[in-house]
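# Geometric and topological summary
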Amino acid sequence: GVTISVNKTAIPANPGNGNPVTFRIQVTNTSTVTVTDIKIVDTVSAQITITGHDDGGLIYGTAGQRVFWNGTGLTLGPSQVMTVTITGTTALCYTGNVSNTAWAAAWNACGADQGKSVASFDLSAPPLTINVMKTLSPATPVNGGPVQFGITVVNTSMATISPRLKAAIISS
């Protein structure tokens with residue numbers, strides 16, 4: 001009968017926040033018979049923005065974060081490997097585990113097999129720390145006289161401050 005193995009890997013293994021990542025899914029025909037149909041499904045974490053794919057010659061489709069490949073009529077001989085990839089970008093501000101599972105099924109007229117593989121890594125959003133300095137000019141204002149305030153915001157962290165955050169700080 002048909003037997004397969006499924007291996008999913010994240011490249012790089014620990015991409016870090018806001019960086020590109022590629023998920024490679026390899027389905028290997030470990031049997032001595034030829035597979036005539038293959039299906040692969042991968043539910044990509046919401047912490048990944050999908051930016052591309054390589055369909056490996058299969059029919060490719062998506063439904064939200066679910067990616068699928070269909071190889072009806074495909075032949076995968078004994079020991080042959082089918083490889084598909086998903087490329088994406090990791091979430092910038094997420095801290096926690098990102099885990100994606102790929103499932104594959106393969107069959108021919110005499111049997112079928114299925115398997116799954118998980119790729120996971122941890123993300124840790126860099127903390128945001130800022131210094132805010134407010135100045136007054138003149139230092140000792142005169143009643144009824146003009147006063148000017150200056151506000152300086154300094155990002156003392158490795159995080160990037162978004163324009164929305166800058167606007168919120170200044171308008172406070």
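Residues numbered from 1 in each chain as written. Predicted model: local features only at pLDDT ≥ 70, side-chain atom pairs only at ≥ 80, totals over all residues. Heavy atoms only, no water.

## Some points on the packing of aromatic side chains
Spelled out, the test is: Each aromatic pair joins two rings of Phe, Tyr and Trp (for Trp, the six-membered one) with centres within 6.5 Å, and gets the label stacked for planes under 30 degrees apart, edge-to-face for over 60, and tilted for any other angle. Under the DSSP-based scheme used, a helix requires at least four consecutive residues in state H or I and a strand at least two consecutive residues in state E, with every element numbered from the N terminus. Only protein chains enter the accessibility calculation, which uses a 1.4 Å probe; a residue whose area is less than 20% of its type maximum is buried, one above 50% is exposed, and one in between is partly exposed.
Scanning all chains against the criterion turns up 2 aromatic pairs. Measuring from ring centre to ring centre gives 6.3 Å for Phe23 and Phe121, while their planes differ by 15 degrees; the resulting arrangement is stacked. With Phe23 in strand S2 (residues 20–29) and Phe121 in strand S9 (residues 111–123), the pair connects residues that are 98 residues apart, well separated along the chain. Considered together, Phe23 and Phe121 belong to a single accessibility category, that of buried residues. With a centroid separation of 5.9 Å and an interplanar angle of 55 degrees, the aromatic rings of Tyr60 and Trp69 are classed as tilted.

## What about the nonpolar core?
We count it as follows: Side-chain atoms within 4.5 Å link the members of a nonpolar core, which is a set of buried Ala, Val, Leu, Ile, Met, Phe, Trp, Tyr and Cys residues. In what follows, a contact means two residues having at least one pair of non-hydrogen atoms within 4.5 Å.
Residues Phe23, Ile38, Ile40, Leu58, Trp69 and Phe121 are the most contacted members of the largest nonpolar core, which totals 28 residues. When contributions to this core are tallied by element, the ones reaching two or more residues are strand S1 (4–11), S2, strand S3 (37–43), strand S6 (66–70), strand S7 (81–90), strand S8 (96–108) and S9. Discounting residues that sit within four places of it in the chain, Ile40 has contacts with Ile25, Val27, Leu58, Val67, Phe68, Trp69, Met82, Val84, Trp103 and Ala104.

## Topic: the sheet that holds S3
Heads up, the condition is: A pair of strands is considered paired only if DSSP assigns at least 2 bridges between the two. Between N-to-C directions, angles cover 0 to 180 degrees, with each direction set by a line fitted to C-alpha atoms, over the stretch in contact for helices.
A sheet is described by the order of its strands in space; here 5 strands give the open sequence S5-S6-S3-S8-S9, paired in antiparallel fashion. The open sheet has two free edges, formed respectively by strand S5 (59–63) and S9, since each of these has just one partner strand. Strand-to-strand twist across the sheet, computed as the mean angle between neighbouring axes with direction ignored, equals 15 degrees. Sheet topology note: the S8/S9 ladder contains 13 bridges and is antiparallel. Across the sheet, the residue bridging to Ala104 is Gly115, located in S9.

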